[in-house]
Every structure is written in structure tokens, then in C-alpha cells.
Amino acid sequence: MHLTPREQERLLLFTAAELARRRLARGARLGATEAIALVCDEVLEMAWDGVPLEEVVSRARGVVAADQVLPGVANTVPSLQVEALFPHGSSLVHVPEPFGPADPTGPGAVLAQDGDVDLAPGRLRRTVEVTNRGDRPVWISSHFPLEEVNPAVELDREAVRGFRLDLPAGISREFPPGTTSVVPVVARGGQR
């Protein structure tokens, strides 16, 4: 028998869902993999049967109860998405909080320290004038080497060699076209 990759994935998902069903039948709690497989399998079957998308999402959130999963599963799976084949064609089904809301202090939670946190303590800081000479906005992310930014951005590249924007990790700043800003920069860490 020749199976397409999509058919192979469907059978693998079904097998993992069956494992989840067997575990639930004997009273065992599910890990993230089996719980996700079970919800996705049910979503795919509801879609196959022509259940409306909104109802599929609503019913999917009740497939596995919060007390049927191991601690931390709700934290590690804040949502799931599966492409399902409905009678009208394929749709992406997004299920928010499939195993209930995350425990804000449970396994995998991010617990922020009270007060201010000094970012990159002890590193050299300065300010630099940045002008976007281009006709489109330019976004520069927190850890991008400033000497390598888009050529449309005018700044003293030698003065910023080894520096980055003084922003928390994962944050970006927009420089609209035709604008000039004075921004704080900080020396990068590690090998340069």
C-alpha cells in the first residue's frame, strides 16, 4: 500500500491518540504528546463529519480535562493548531487552552522578580543618532549588530561597532522613513 506523507501523518496521529485513549481508560494521566494527539484526532474526525468549525473548536476544548493531564501540560501547550479536512475543504483549526488555563506558578511558568532588573550590568553604554534615509520603515531588533544594519540607516558605524540597541531581548524598534532619533546603545557581550 502506498501512502502519501499526509496519510502517514494521519495514521501516526491516530496511533498516538489510541495510546491516549488506552491510558485514560485505565485511569492514567496524559503527557503533552498523547493529549495533543487525542485532541487533534478528535478535531480531524469532527471536521470529516462536517461539524462546523466554531463547534469543532468548542468541543475540542472538552476532549481532555485538566485533571486528565500531567502537571505542566496546560503550561506547555497554550494552544494547538491542526489542518483539518472539512466537506468544504481544508481549514486551520486553532484551539486555545485545549487543557485549560495555564497555572501562573506551575511547571514551565515564568516568574518575574519584583522590582527593577538591570539589563547588561557593567557594559559600556552611549547614545547614537540614527537617521532612516530610506522610503520604508526599518526595524532593528535588540541584539542585531548595529554596524550591519540596513544601508538606508545612517549612523556612525565605527562608533557602534560591537554595540546593539539598549533594549530587552526580543524587542525591536521602528525607525520610520525620514526620521532621526537619538537612541541608547550598549556593548554586546561575548566574542565579537
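Residues numbered from 1 in each chain as written. Predicted model: local features only at pLDDT ≥ 70, side-chain atom pairs only at ≥ 80, totals over all residues. Heavy atoms only, no water.

## What to know about the pattern of salt bridges
Now for step 1: Evaluation of the coordinates by the stated rule reveals 13 salt bridges.
Now for step 2: The salt bridge partner of Arg10 is Glu45, with a shortest N-O separation of 2.8 Å. In this pair, Arg10 sits in helix H1 (residues 5-25) while Glu45 sits in helix H2 (residues 32-48), placing the two residues 35 residues apart along the sequence.
Now for step 3: The class of Glu45 is partly exposed, set by a relative accessible area of 37%.
Now for step 4: A salt bridge links Arg21 to Asp41; its shortest N-O distance comes to 2.5 Å. Taken together, the positions of Arg21 in helix H1 and Asp41 in helix H2 put the pair 20 residues apart, joining distant regions of the chain.
Now for step 5: Assessed through its relative accessible area of 24%, Arg21 is described here as partly exposed.
Now for step 6: Judged by relative accessible area, which is 2%, Asp41 ranks as buried.
Now for step 7: Connected through shared salt-bridge partners, Arg10, Glu18, Arg21, Asp41, Glu42 and Glu45 make up one network. (Salt bridge = Lys/Arg side-chain N within 4 Å of Asp/Glu carboxyl O. Helix = DSSP H or I, 4+ residues; strand = E, 2+ residues; numbered from the N terminus. Buried < 20%, exposed > 50% of the residue type's maximum accessible area, 1.4 Å probe, protein only.)

## Side note on the nonpolar core
Now for step 1: Core analysis: the largest hydrophobic core is formed by 29 residues, its most contacted members being Val43, Val93 and Phe99.
Now for step 2: Contributions of two or more residues to this core are made by H1, H2, helix H3 (53-60), helix H4 (73-76), strand E1 (79-86) and strand E2 (89-96).
Now for step 3: Val128, Val130, Val138 and Ile140 belong to the second largest nonpolar core, which has 16 residues in total. (Core = buried A, V, L, I, M, F, W, Y, C linked by side-chain atoms within 4.5 Å.)

## Topic: the sheet that holds strand E8 (residues 180-187)
Now for step 1: As summarised here, the arrangement of the four strands in space is E5-E3-E8-E6, forming an open sheet in which the pairing is antiparallel. Every other strand in the sheet has two partners, leaving strand E5 (153-154) and strand E6 (163-165) as the edge strands with one partner each.
Now for step 2: The sheet contact formed by strand E3 (residues 125-132) and E5 spans two bridges and is antiparallel. Bridging from a neighbouring strand, Thr131 pairs with Glu154 of E5. (Pairing = 2+ DSSP bridges.)

## Looking at the layout of surface pockets
Now for step 1: Of the pockets and cavities examined, the largest pocket occupies roughly 400 Å³.
Now for step 2: It is H1 that contributes the most residues to the lining of the largest pocket, six residues altogether.
Now for step 3: Partitioned by chemical class, the residues of the lining of the largest pocket number seven nonpolar, no polar and six charged. (1 Å grid on protein atoms, 1.4 Å probe; cavity = no way out; pocket = protein on both sides within 12 Å on 5 of 7 lines; lining within 4 Å. Points joined across faces, edges and corners; volume = space filled by probe spheres on them. Nonpolar A, V, L, I, M, F, W, Y, C, P; charged D, E, K, R; others polar.)

## As for H3
Now for step 1: Taken together, the buried positions of H3 are Val56, Val57 and Ala60. In a view along the axis of H3, the buried residues occupy a sector of 95 degrees, so they form one face of it. Away from the buried face of H3 by more than 90 degrees, exposed residues Glu54 and Ser58 are located.
Now for step 2: Where H3 is buried, its residues touch H2, E1 and E2. (Arc of directions from axis to C-beta. Contact = heavy atoms within 4.5 Å.)

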